[in-house]
Amino acid sequence: MKPVLRLLLGEGALAAWIVQGGQLRQLGLFPETAAGTADFARFLSRQAASGHLLLLDHGEPQLLAESLPATGFLTQRRILDLRLERLHPDTRWRCSYPLPGSAGAGRRFAFLALAESPGLQGWLNCLADASIRLRGIHCPPLLLAAFIARRHRLPARLLVISQHDRGAQLCLLQHGRPAALAPAMPSEQIPAAIAGCQRFNPPPGAGEYTPDPLCLLGSADWQAHLTLPEPALRIITGHSNSSLDLLALPAWRWPRLRFPKPPLPHQSQRTIARGLWLAGAAASLGGLSLALASQSRQEAVNAAIERSHGQLRALEREMRKMEASAVRLGTTAAQLPQLAADRPGLAARSAAFAERLQQLSRALDATPDVELDAVHWTTPDNNTATADSWQIQVSAHLSPTATDMQPPALQQLGEQLRRHTDIRAEISSSPGNPALSLNLTAARQ
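Our subject in this report is the structure included herewith. (Residues numbered from 1 in each chain as written. Predicted model: local features only at pLDDT ≥ 70, side-chain atom pairs only at ≥ 80, totals over all residues. Heavy atoms only, no water.)

## Some details on unusual backbone geometry
Under the convention used in this document: Only DSSP runs of H or I with at least four residues qualify as helices, and only runs of E with at least two residues qualify as strands; both kinds are numbered from the N terminus onward.
Phi at Ser 131 takes a positive value of approximately 55°, unusual for a residue other than glycine. Here Ser 131 is to be found in the loop between α3 (120-129) and β8 (134-138). With a phi close to 55°, His 175 is a non-glycine residue in the positive phi region. Tracing the sequence through the fold places His 175 in the loop between β10 (167-174) and β11 (177-185).

## A closer look at α3
Applicable threshold: Each residue is placed in one exposure class: buried if its accessible area under a 1.4 Å probe, protein chains only, is under 20% of its type's maximum, exposed if it is over 50%, and partly exposed if it falls in between.
When we look at burial in α3, the residues that qualify are Leu 120, Trp 123, Leu 124, Cys 126, Leu 127 and Ala 128. The first or second residue beyond α3 is Ser 131, which carries a positive phi of 55°.

## Description of the nonpolar core
Cut-off, in case you're wondering: Among buried residues, those of type Ala, Val, Leu, Ile, Met, Phe, Trp, Tyr and Cys that are joined through side-chain atoms within 4.5 Å constitute a nonpolar core. In this description, contact between two residues means that some pair of their heavy atoms is separated by no more than 4.5 Å.
Grouped together as the largest cluster of nonpolar side chains are 59 residues, with contacts concentrated most on Leu 7, Phe 40 and Leu 56. Element by element, the count of residues in this core is highest for helix α4 (residues 140-149), at seven residues. Leave out the neighbours within four places in its chain, and Leu 56 touches Leu 9, Trp 93, Leu 114, Leu 120, Ile 137, His 138, Cys 139, Pro 140 and Phe 259. Counting residues in hydrophobic clusters, the runner-up holds 16 residues, among them Ile 161, Leu 170, Ala 180 and Ala 182.

## Overview of the side chain of His 138
Definition in use: Polar contact is defined as a pair of N or O atoms within 3.5 Å, subject to the rule that within protein one atom must be able to donate a hydrogen and the other to accept it, and that residues adjacent in sequence are counted only when both atoms are side-chain atoms.
Mapped onto the elements, His 138 comes out in strand β8. At 3.1 Å, the side chain of His 138 forms a polar contact with the backbone oxygen of Pro 255. Excluding anything up to four places from it in sequence, His 138 contacts Leu 54, Leu 55, Leu 56, Leu 143, Trp 254, Pro 255, Leu 257, Arg 258 and Phe 259.

## Quick notes on the sheet that holds strand β4 (residues 52-56)
We count it as follows: Pairs of strands are assigned from DSSP output, requiring at least two bridges between the strands. Every angle, taken between N-to-C directions, lies between 0 and 180 degrees, and every axis is a line fitted to C-alpha atoms, over only the stretch in contact when it is a helix.
A sheet is described by the order of its strands in space; here five strands give the open sequence β3-β2-β1-β4-β8, paired in mixed fashion. Since the sheet does not close on itself, it has two edges, and those belong to β3 (23-31) and β8, each with one partner. Ignoring strand direction, the axes of neighbouring strands in this sheet form an average angle of 20°. Examined bridge by bridge, strand β1 (residues 6-9) and strand β2 (residues 13-20) share four bridges and lie antiparallel to one another. Directly across from Leu 7, in β2, lies its bridge partner Ala 16.

## A look at the pairing of β2
Within β2, six of the eight residues are buried, which leaves the element mostly enclosed by the surrounding structure. Count of turn residues in the β1/β2 antiparallel hairpin: three residues, of which Gly 12 carries a positive phi of about 85°. In this structure, β2 lies alongside β3, joined through eight bridges in antiparallel fashion. Looking at the pairing, Gln 20 lines up with Gln 23 of β3. Hairpin geometry of β2 and β3 is characterised by an intervening segment of two residues between the two adjacent antiparallel strands and by a positive phi of about 60° at Gly 21.

## Things to note about the pattern of salt bridges
Side chains that differ in sign of charge can pair as their charged atoms come close. The criterion, for reference: Every case where a carboxyl oxygen of Asp or Glu lies within 4 Å of a side-chain nitrogen of Lys or Arg is listed as a salt bridge.
Inspection of the entire model under this criterion finds nine salt bridges. Three or more residues are tied together by salt bridges with common partners; here these are Asp 57, Glu 60 and Arg 166.

Next comes the structure, spelled out in structure tokens:
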């Protein structure tokens, strides 16, 4: 696995470095000339395709902090983009981030930008031609907190004075994020700049003014010649330009806060990106159509289940009505299945069956000494050829006055039934017992 390439863009040249054994080693220095660009293109042909880091160390970073009202995430994101574009319309190297520890209804945000370099686009074109993707694009203030945190615990506010080739740089860190910057200056102007930075950036909500702790970041000789109050932190760098020490920060320690990646400069890359976007859109539409189809099937199944439940509820209501009718008619629950089975035959021959019952009723009316208890009937099966008659069983008993003359009463009932030639009657009784049963057979019509 090839090491991560560190690119440092300074004034008029681009340097390539790698970290080996914890030490920086320079691989090449490419001036902003045609020959330098060609050498850089040949150099990139031997490098890995991605994972490299770019540190922009040209020009003066500009930082402005403002308080904005608290809104929703999307609205706030839109406000920040518009504000950043209005503050720095002439550069792509700009970003915004919240400052922790804000008080009140609003929140404080910092807007950081770096001026465009005339040769920056040329170096980016070389990277694009070599199909090399950058892992991150930063400027020195964005790396200060991660660099100092490796050695010391960061306080809530820390004023960092760092040594660079173009002069000393003052950066106020608030909870590990740049909150204020001062332009590069000679060493003799540092005390006045410290006083101005602390005066115009007091801690939020602080009562009595307390100076922010200082941190010196530079070579030992440079720190020895400074006439400042005793700083809280001293970090001795290995180079007179502290940007090189920041460049050696382990790749996994480089913060996620960085400048946005540049847009794709070449038509082929834009075509690939557009194709990927269209493929993603097609996949999303396909997934949406599948989800809609699945939802439609589920709704159809739910509708069928609801219809089944409705039919079941209707059957339950009909069953309750039948049970109530059976109770009123004196039919037991055990007789309901037989009634349901006999119902088709009874309905087909309801007139003939009613006539038989009328004949039985007239015979009983003509024999007042016989009192009816119950009637049980069976109907012939229409699909059975041998079943050719109605079977009617009658349970009855003799009145107390007719118990002693049982044979005459039964003979009278038999004579009444025999008047109807299509009914055959079999009367069963026992001497001295008032109960009797009649088995009537009515010819099928």
